[in-house]
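Remarks on the overall topology
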Amino acid sequence: MNIAHSSKKLSDEPTILKNLGIVYYMESNYSKARETYNQALAVAKEHNNKSEEALLTMNIGIVYVAEKNYVQSLDNYKTSQLLFEQLNDDIGKAKVFNNLGVLYDAMGDYPTSLEYYNKALEQHKKNESKENEAKTLNNLGTIYYIVGYFQKSEECLKQASSINKALGATKSKLDNVINIGTMYAREERWDKSEEYFQQALEQSQEESDSEGIGFIYSQLGIISFHQNNFLQATNFFKQGIDVNSAIQNPDIEPITWVALTETRQGKLKDAAVEVSKAENILNSALNFEGEPIIFWNLYQTY
């Protein structure tokens, strides 16, 4: 009885370690994620568990993308793809295609990124994997926008939104709504962008997602700024700042936008106060991304 129990525990070890690796990855502790995945990979190989070997090799590739080690990531993805093909695992292969799309997007090779996303989408539809289909549609929508295919972008993002709604996938639905709002913002269709970010705000408030609320207030402020509604923009930015302060998440972005908004209104003294606040945060090296603009939410698949 004890021997059987120990044997089962050994065979489950790759899965346990893989789950820990995902946690470390989500915490942005990439070196620890890679270390844990490699431990799991060694056990999977020892027990000739090809399925876990393929998954773990792919997940290590995801970590390499986060670390901007694209050459090593590509090597891992190709190895993983070969393993999934040997296993006749179409679902796993589709996940690799999607992740290759993310990789080539990160490298700025958008045609190749689109190629792999479309391969992934075709496979997800064949496998009737609706959740992964929505994730890949979301990713396709972002790239179609970047290369200037706005109509295709809108179609993909709205298809993804419809699937997520049907699945009740709350987090994916929220990310997708933000991406649609982002698409309209970058197309300078501010009214449509505001509509989707207001939806995102309501959902984040329902879920008591303070970090998300702070972020969305900032994006609504940017939209109002571009609509020349400076009073409303300032109010949105300051609401975002208040939320960030409450959760001890100082963010330089909305503060710099308040300064810019005050400058546009000729309130130079008020703007100087905000600049000083921003400098204090910058000097503390806290949460400065240097990109005062809306971002995309891209999905990798595990």
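Anyway, here's the lowdown on the structure attached to this text. (Residues numbered from 1 in each chain as written. Predicted model: local features only at pLDDT ≥ 70, side-chain atom pairs only at ≥ 80, totals over all residues. Heavy atoms only, no water.)

This next bit is on the nonpolar core. By size, the foremost hydrophobic cluster in this structure holds 26 residues, and its most contacted members are Tyr-37, Leu-56, Met-58, Tyr-77, Phe-84, Val-96 and Leu-100. Among the elements of the structure, helix H1 (2-26), helix H2 (30-46), helix H3 (50-66), helix H4 (70-86), helix H5 (90-106) and helix H6 (110-127) are those that each provide at least two residues to this core. With nine residues, the top contributor of residues to this core is H3. Core analysis: the next-biggest nonpolar cluster, separate from the first, contains 22 residues, Leu-174, Phe-215, Ile-216 and Phe-236 among them. (Core = buried A, V, L, I, M, F, W, Y, C linked by side-chain atoms within 4.5 Å. Buried < 20%, exposed > 50% of the residue type's maximum accessible area, 1.4 Å probe, protein only. Helix = DSSP H or I, 4+ residues; strand = E, 2+ residues; numbered from the N terminus.)

Glancing now at unusual backbone geometry. The phi torsion at Ser-28 lies on the positive side, around 65 degrees, for a residue other than glycine. Here Ser-28 is to be found in the loop between H1 and H2. Positive phi outside glycine occurs at Asn-228, with the angle close to 60 degrees. Checked against the element boundaries, Asn-228 lands in the loop between helix H11 (210-226) and helix H12 (230-246).

Now for the packing of aromatic side chains. Summed over the entire model, instances satisfying the criterion amount to ten aromatic pairs. Judged by centre distance (5.7 Å) and plane angle (0 degrees), the rings of Tyr-104 and Tyr-116 are stacked. Separated by twelve residues along the polypeptide, Tyr-104 in helix H5 and Tyr-116 in helix H6 bring together distant segments of the chain. Like Tyr-104, the residue Tyr-116 is buried in the burial classification. Seen from their ring centres, Phe-237 and Trp-257 are 5.9 Å apart, and the 20 degrees between their planes marks the pair as stacked. Of this pair, Phe-237 sits in helix H12 while Trp-257 sits in helix H13 (residues 252-264); the two residues are 20 residues apart in sequence, bridging distant segments of the chain. Residue class for Phe-237 comes out buried when judged on its relative accessible area of 0%. With relative accessibility at 8%, the residue Trp-257 sits in the buried group. In textbook terms, an aromatic cluster arises when at least three aromatic residues are bridged by ring pairs, as seen for Phe-225, Phe-230, Phe-237 and Trp-257. Above the ring of Phe-97, the side-chain terminus of Lys-119 is found at 5.6 Å from the ring centroid. The ring of Tyr-149 carries the charged tip of Lys-152 above its face, separated from the ring centre by 5.6 Å. (Phe/Tyr/Trp six-rings, centres within 6.5 Å; stacked < 30°, edge-to-face > 60°. Lys NZ or Arg CZ within 6 Å of the ring centre and 35° of its normal.)

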